[in-house]
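A look at the structure
Here is how the chains run, residue by residue.
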Amino acid sequence: MNIQHQCPLDQLNTLGFPATAEAFVSVTSEQMLTDAVHYADKQGLKLHILGGGSNILVTPNVSGLVVKMDIKGRTVNMSGDSALLTLGAGEEWHKTVAWSVAQGFSGIESMALIPGSVGAAPVQNIGAYGTELKDNFVHLRAYDIEQKRWVDFDKKACQFAYRDSLFKQQPGRYIITEVTLSLSKVAAPRLKYAALQGFFDQKGINAPSLSQIFDAVCEVRRSKLPDPATLGNAGSFFKNPVITNSQCDALISHFPDLVRYPDQPGYTKLAAGWLIDQCHWKGKRQGNVGVYDKQALVLVHYGDGQLDELLDLSEQIQTSVQSKFGVSLEREPQIFPLI
Ligand SMILES: Cc1cc2nc3c(=O)[nH]c(=O)nc-3n(C[C@H](O)[C@H](O)[C@H](O)COP(=O)(O)OP(=O)(O)OC[C@H]3O[C@@H](n4cnc5c(N)ncnc54)[C@H](O)[C@@H]3O)c2cc1C
């Protein structure tokens, strides 16, 4: 194991905040992972798991051992009309989507261009354009650092919910090393999202193919979201708040244009970006951080800034949305490491 001390993490978080890990190791196998766990135990270091760093708010001094998940691997098992895809946690999510589309396997094409690793995808049950990871999820393998044993989780055990799972609820306990998805070899791809439907309507395409959907998702996302390679960001900074239908009716009476989507029976999901935009935050810059000018849900780091500046801005946004709409916004990316 190549343990590095005082390792910079600046290039390992998509917001690009400066940070240093007390100790750092990249693991490429399950054996290396358990070796790293033992090393941390022996040295009395806390363990922190890192994937692609696209959903974290890294603090400047990370004490303990940061374990970067670089376990690769992709195997396919054909089972009837399904392709069972087993992936190492360190595989890049977008490359996995592109590969499955090239094979003609449908199911995850509308989650193209989500940055990060396969191993982190179950943590917040990633989703985009009406599809969530759970829709194609079969099981995963993880190391339980409390019980010091390997565990298999089926879909039910993962407790998936909107941008949530058991792994988010019990942070740091399970280290995911392998994820199995079930993709379809035959099902026609389905459009579940109005924005994508509109994209194809404009082009006069009635039944888009798998690769047309993949390309459309990439095009729409590139037009709306900043590329972390050029502008630091962690994607959506807040979750879309879910409120009861009666709360929603009360809001509509004051704000008839309220952007909303049906959720589970009795509940409505509000578009957090719209709420923030109505509070006039879109495009505003405060020092080295700001609100992206094409999507108010995305907070950006222009460079040379600190996490505190971004947290301060996000709290101001939460306060103004709360006082205008009476709705609280919950942050999506997590502080790293969690205390
Ligand atoms: C431009 C942009 C667009 C985005 N769009 C979307 C979107 O459309 N939908 C969406 O859902 N998300 C989106 N995100 C958020 C992010 O890409 C996802 O949450 C992604 O799954 C994070 O993966 P990661 O490997 O970068 O995780 P990291 O940021 O490295 O880690 C996130 C959390 O997961 C934990 N973790 C990481 N790997 C493992 C593992 N193997 N086992 C256990 N815990 C682990 C970490 O400890 C941390 O708490 C976007 C982000 C950006 C920058």
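Residues numbered from 1 in each chain as written. Predicted model: local features only at pLDDT ≥ 70, side-chain atom pairs only at ≥ 80, totals over all residues. Heavy atoms only, no water.

Here we look at helix α5 (residues 194-203)
- What α5 keeps buried is the set Leu 196, Phe 199 and Phe 200. Buried residues of α5, viewed axially, fall in a sector of 90°; they line one side. Away from its buried face, by an angle of more than 90 degrees, α5 presents the exposed residues Ala 194 and Gln 202.
- Tucked inside the fold, the buried residues of α5 contact α6 (210-224).
- Just downstream of α5 lies Gly 204, where phi reads positive at about 70°. (Buried < 20%, exposed > 50% of the residue type's maximum accessible area, 1.4 Å probe, protein only. Helix = DSSP H or I, 4+ residues; strand = E, 2+ residues; numbered from the N terminus. Arc of directions from axis to C-beta. Contact = heavy atoms within 4.5 Å.)

Here's the deal with the domain arrangement of the protein chain
- Here the protein chain is described as being made up of domain 1 (4-69), domain 2 (74-184) and domain 3 (232-336).
- Computed over C-alpha atoms, the centres of domain 2 and domain 3 are 27 Å apart.
- Contacts between the two partners involve four residues from domain 2, matched on the other side by five residues from domain 3.
- Between domain 2 and domain 3, the buried area comes to about 540 Å², and carbon and sulfur atoms account for 43% of it.
- Broken down residue by residue, the surface that domain 2 buries against domain 3 is led by Tyr 162, Arg 163 and Lys 168, which jointly contribute 80%. (Domains from an automatic or database assignment. Buried area = accessible area lost by both parts, 1.4 Å probe.)

Quick word on the site of the ligand
- Around the ligand sit 32 residues in total, of which Ile 49, Gly 52, Ser 54, Asn 55 and Ser 117 are the nearest.
- Between the ligand and the protein, one listed contact pairs an oxygen atom with a side-chain N or O atom of Gln 124 at 2.8 Å.
- For the ligand, a nitrogen atom lies 2.9 Å from a polar atom in the backbone of Ile 176.
- Expressed as a share of its isolated accessible area of 980 Å², the protein-covered part of the ligand is 92%.
- Breaking the shell around the ligand down by element, the ones donating at least two residues are β3 (47-50), β8 (127-128), β12 (174-184) and β13 (232-236).
- Tallied by class, the residues present in the shell around the ligand amount to 16 nonpolar, 14 polar and two charged. (Near = heavy atom within 4 Å. Polar contact = N/O pair within 3.5 Å; in protein donor to acceptor, adjacent residues only side chain to side chain. Areas by Shrake-Rupley, 256 points an atom, 1.4 Å probe, with all protein chains shown as cover. Nonpolar A, V, L, I, M, F, W, Y, C, P; charged D, E, K, R; others polar.)

Some words on the packing of helix α2 (residues 93-103) against α6
- The interhelical angle for the contact between α2 and α6, taken along N-to-C directions, is 155°, at an axis separation of 9 Å. It follows from the interaxial angle that α2 and α6 lie roughly antiparallel. Between α2 and α6, the contacting residues are His 94, Val 97, Ala 98 and Val 101 on the first element and Leu 210, Ser 211, Phe 214 and Cys 218 on the second.
- The residue inventory of the contact of α2 with α6, partitioned by class, reads six nonpolar, two polar and no charged. (Axes fitted to C-alpha atoms, helices over the stretch in contact; angles between N-to-C directions. Parallel < 35°, antiparallel > 145°, perpendicular 65-115°, else oblique.)

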